[in-house]
Amino acid sequence: MDVHEIDYEQVLAQRTERLNEITEDLESFEADICLQSLKSFVFRTWHIVEPVQLLRWNWHLDEIVKILESITDGSLQEQGYRGVILNVPPGTMKSLLINVFWRAWEWARNPALRYLSGSYGSHLTIRDNLKVRDIVQSSWYQKHYHWVELSSDQNAKENIKTTEGGWLFATSVGGAGTGEHPDRVIVDDPLTAIQARSEVYRQGARDWIDRTLSTRGLSRGVFTLLVMQRLHHEDPTAHLKTKGGYLHVIFPMRYEAFRPATHDDPGHIPDPRDHRYEQGQLLWESLFPEHVVKQSEIDLGPYGAAGQLQQKPAPEGGGLFKRAWFKFVSVSPKRARRARGWDTAASDGVGDYTVGVRIAEADDKFFIENVVRGQWSPAQVDENMKLTAMQDGKKVAIREEREPGGSGKTVTSARLKALKGWNYKEVIVNSDKVTRSLPFRAQVEGGNVFIVQTGDPVRDAWISIFLAELEMFPVGAKDDQVDGATCAFNAVLLEPKPQTSATWGRDYDEEQENAA
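What counts as what
Residues numbered from 1 in each chain as written. Predicted model: local features only at pLDDT ≥ 70, side-chain atom pairs only at ≥ 80, totals over all residues. Heavy atoms only, no water. Helix = DSSP H or I, 4+ residues; strand = E, 2+ residues; numbered from the N terminus. Contact = heavy atoms within 4.5 Å. Areas by Shrake-Rupley, 256 points an atom, 1.4 Å probe, with all protein chains shown as cover. Pairing = 2+ DSSP bridges. Axes fitted to C-alpha atoms, helices over the stretch in contact; angles between N-to-C directions. Polar contact = N/O pair within 3.5 Å; in protein donor to acceptor, adjacent residues only side chain to side chain. pLDDT = per-residue confidence, 0-100. Buried < 20%, exposed > 50% of the residue type's maximum accessible area, 1.4 Å probe, protein only. Phe/Tyr/Trp six-rings, centres within 6.5 Å; stacked < 30°, edge-to-face > 60°. Lys NZ or Arg CZ within 6 Å of the ring centre and 35° of its normal. Parallel < 35°, antiparallel > 145°, perpendicular 65-115°, else oblique. Nonpolar A, V, L, I, M, F, W, Y, C, P; charged D, E, K, R; others polar. Core = buried A, V, L, I, M, F, W, Y, C linked by side-chain atoms within 4.5 Å. Salt bridge = Lys/Arg side-chain N within 4 Å of Asp/Glu carboxyl O.

Moving on to the overall build of the protein. Scanning the protein from N- to C-terminus turns up 16 helices and 14 strands. Sequence-distant contacts, at least 24 apart, represent 74% of the contacts inside the protein between residues at least 6 apart. When the accessible surface of the protein is summed, it comes to about 24700 Å², and 53% of that surface belongs to carbon and sulfur atoms.

Below, the structure written as C-alpha cells:
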C-alpha cells in the first residue's frame, strides 16, 4: 500500500480506542485491588477527602489496617474478640482511617452494613459522615462500586443510608442511638481532656457505652471499636477492659522498651505490634519530629503528656507525687508528733476504701509509719477505727476528713463518742483534693518525707500500694490514701504533743498500765 493511502486518522482512532481499553482494564484492576486492600483504597481516595494535604504513611497505620481488615473478614471475631480498644496520640490519622476510609471501603464490599458512631460531640461524627458520603458519591467510586447507592434522603447528615439498608448514624456520647441495631459501633474520643477530670462526665460516658452496647446489634454480631487517648484510670478504656473480650492496642508517642517488674516497679511490656526498639523513639517522626513532640509535652504538662501522648493516665515515676522523692528508713524517731488521718467510706467490699495513714513528725521531717486500709461496711469502719486507735495509743491524734454539710456530721458525732478518751476531731474540708495535698507534696518533693520500711514483707505490704496510688494521683482510680496522708500531715504540723514512744506496742502497753 502506498504510504499516502494510509488513513492516519483511523489508525489514531484505533490506537486511542485500544489505549482507552487498556486504561479501563487497568482502572478496573486497580479498583479490584482497592476492594481487597484497605491501604490501597486509602491511597486511591485520599485526594477526595484531603485535596491539598499530601498523604504521609507510617507503620502504625499498617498495623491498624491489618486489624480493620481482620474485622471485615471476621477473623478477629473468630478469635473470640468482640471489640478493639485503640489508644494512640491525637493527630495520628485514627479518625480518618477508621471512621471515614474504612467505612467507605467496607460499604464497597457490603453496602448493607450499619455503623453507629459516637464521640464527645456529634459535630465530629457528622463531619466524618459527610466525608464518607463524599467518597461514595465520587465519580471513581460510583464507576467501580456502583452497587453502593445512597437512598433518596442521602443529604441527611446524621443518618446517611444506602438502598441496601445500610446506614451511618452519627451521634454523641449521651445522645441518641441506643435504639439502633448496628453491625459496628465506633466510639471515637468519647471524652475531652477537661471532661475526663470530672467523675460525672466519666460516668456518663461509661453509662452511655453500656446502654449502647448492652443489646444493640447482638443479633447482627456487632463489633465495637473504642478509639481514644488515655485520660484517666477510670476512663472508657479502663471500663471496657474490665469487661473482657477486647483486643487492646497501644502505640505511645515515645517508645517505652521492655522493663521487668520489681518490688517497687510494675514493669512495662510494649505492644507486640510496635515496630520500634529504641527507648524514646518517636511514633511518626516525619509528621511529629522531636521539636514538635517536646513542645507538645511542655504545653500539655506531665499528666497531659502521659495520657494523651504516652497512653498512660499518669507520668512515669509519678506526676504530683514521684516515687523517687520518697526516702526510706528502718525505724521511726522516738520523740515525735504523731497523727493518723482517716478518709472513710462505706463500701463493704466494693467501691472506695476506708484509709487511715499514720504520720510522725520530728525535726521538720515526716515519717509515714503505716497505712490501715479496707473496703468496709459502716459497722466495720467503726470497729477498725476503734481497734486501730487502741493499737496506736492515745497519744496518737485521730483526724477524720468530712465534707461540708450535715450528712457526715451525724457519723463523726457518733465517732467522737465511740472514741471517747482519744484525741479525735473531724476536719471539715472546703478545697479540692489537689489543693489540699499541695503542702504535703511540697515536703515530699523537698526530700523531707520518709517511709518506714521494717523489712518484714507482711508489715510492709502497704508500701507498694501506697506509692502506686500516689503516683497516679489525681488521675488514678483511687485517691483515698492521698486524702488520709494529707489529713495526717496537716495534723502533725501543729496539733499533737510530742510523744516519747517509738512503737505502737509500747504505746498500747503504757496506756493499759496507766488505765490500771
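Strand order in the open sheet made by the 7 strands is E8-E14-E11-E10-E9-E12-E13, with mixed pairing throughout. Every interior strand has two partners, whereas the edge strands, strand E8 (327-329) and strand E13 (424-428), have only one. The mean inter-strand angle of the sheet, taken between neighbouring strand axes irrespective of direction, is 30°. Pairing of strand E12 (residues 397-402) with E13, which is carried by 5 bridges, proceeds in the parallel orientation. Of the residues in E13, the one forming a bridge with Ile398 is Tyr424. Docked against the sheet, helix H12 (residues 409-418) engages E12 and E13, running at close to 160° with respect to E13.

Along the chain, the position of Asp235 falls in the loop between strand E6 (223-228) and helix H9 (236-243). Only 3.1 Å separates the side chain of Asp235 from the backbone nitrogen of Ala238, close enough to count as a polar contact. With residues up to four places along the chain from it excluded, the contact list for Asp235 reads Met228 and Arg230.

Our focus in this paragraph is the confidence of the model for the protein. Considering every residue of the protein, the mean pLDDT works out to 86; 86% of them sit at 70 or more. Predicted confidence in the protein is weakest over helix H16 (residues 504-515), with a mean pLDDT of 40, and strongest over helix H3 (residues 59-72), with 98. This stretch, residues 500-516, has a pLDDT under 50; its non-local contacts, to residues over four places away or in other chains, come to 24 contacts.

Let's shift gears to the pairing of strand E14 (residues 449-452). Residues Val449 and Ile451 line one face of E14 and the alternating positions Phe450 and Val452 line the opposite face, and both faces are buried. One ladder, built from 3 bridges, connects E8 with E14; its direction is parallel. Across the sheet, the residue bridging to Lys327 is Phe450, located in E14. Of the pairings in the sheet, the one linking strand E11 (residues 365-374) to E14 comprises 3 bridges and is parallel in character. Counted as the bridge partner of Ile368 is Ile451 from E14.

With that settled, consider the side chain of Asn129. Examined against the element boundaries, Asn129 turns out to sit in helix H6 (residues 122-137). If near-sequence neighbours (up to four positions away) are discounted, Asn129 is found in contact with Arg103, Lys157, Glu158, Asn159, Ile160, Leu168, Phe169 and Ala170.

Within this structure, the stated rule accounts for 19 aromatic pairs. Aromatic pair Phe321 and Phe440: ring centres 5.6 Å apart, planes at 45°, arrangement tilted. Taken together, the residues span a long stretch of sequence, with Phe321 in the loop between helix H10 (290-309) and E8 and Phe440 in helix H13 (residues 433-445) at a distance of 119 residues. Relative accessible area serves as the criterion here: at 1%, Phe321 is assigned to the buried category. Considering the side-chain rings of Phe440 and Phe489, the 5.4 Å spacing of their centres and the 50° angle between planes classify their relative orientation as tilted. Of the two residues, Phe440 is situated in helix H13 and Phe489 in helix H15 (residues 480-494); the sequence distance between them amounts to 49 residues. With respect to class, Phe440 is no different from Phe489; both count as buried. Among the aromatic residues, those joined into a cluster by ring pairs are Phe41, Trp140, Tyr141, Tyr145 and Trp147. Cation over ring: Arg373 sits above Tyr353, and NZ or CZ is 3.6 Å from the ring centre. The ring centre of Trp422 lies 4.9 Å from the NZ or CZ of Lys394, which sits over that ring.

An order of E3-E4-E2-E5-E6-E1-E7 is seen for the 7 strands of this open sheet, with the pairing classed as mixed. At either margin of the open sheet sits one strand with a lone partner, and together these are strand E3 (159-161) and strand E7 (246-250). Across the sheet, the mean angle separating the axes of adjacent strands is 10° when strand polarity is ignored. In this structure, strand E2 (residues 114-119) lies alongside strand E4 (residues 167-172), joined through 6 bridges in parallel fashion. Of the residues in E4, the one forming a bridge with Arg114 is Trp167.

Right, let's get into the packing of helix H2 (residues 38-49) against H6. Helix-helix packing is characterised by the crossing angle of the two axes and by the distance between the axes. Contact geometry for H2 and H6: axes closest at 10 Å, N-to-C directions at 110°. Regarding the angle of H2 to H6, the classification is roughly perpendicular. Residues Phe41, Thr45, Ile48 and Val49 of H2 touch H6, and the partners they reach there are Lys131, Asp134 and Ile135. Grouping the amino acids of the contact of H2 with H6 by side-chain chemistry returns 4 nonpolar, 1 polar and 2 charged.

A separate point is H9. Those residues of H9 lying buried are Pro236, Thr237, Ala238, His239 and Leu240. One or two steps after H9, the chain reaches Gly244, where phi turns positive at roughly 80°.

Here the focus is the environment of Val42. Along the chain, Val42 falls in helix H2. As a C-alpha pair, Val42 and Phe101 span 59 residues in sequence and 6.2 Å in three-dimensional space. Every residue in contact with Val42, bar those within four places of it in the chain, is listed here: Leu55, Trp57, Met93, Leu97 and Phe101.

In this structure, Phe41, Trp107, Tyr141 and Tyr145 are the most contacted members of the largest nonpolar core, which totals 59 residues. Per element, the largest residue contribution to this core is 10 residues, and it comes from helix H5 (residues 94-109).

This part is about the pattern of salt bridges. One side chain can pair with another of opposite charge once the charged atoms of both are near each other. Using the criterion set out here, one finds 32 salt bridges in the structure. In this structure, the salt-bridge partner of Asp128 is Arg127, at a minimum N-O distance of 3.0 Å. Taking the relative accessible area as the measure of exposure, Arg127 reaches 36% and is therefore partly exposed. Glu400 is paired through a salt bridge with Arg415; the nearest N and O atoms lie 2.7 Å apart. Of this pair, Glu400 sits in strand E12 while Arg415 sits in helix H12, and the two are 15 residues apart along the sequence. Here the salt bridges do not stand alone but share partners, grouping Arg338, Arg340, Arg358, Glu369 and Asp392 into one network.

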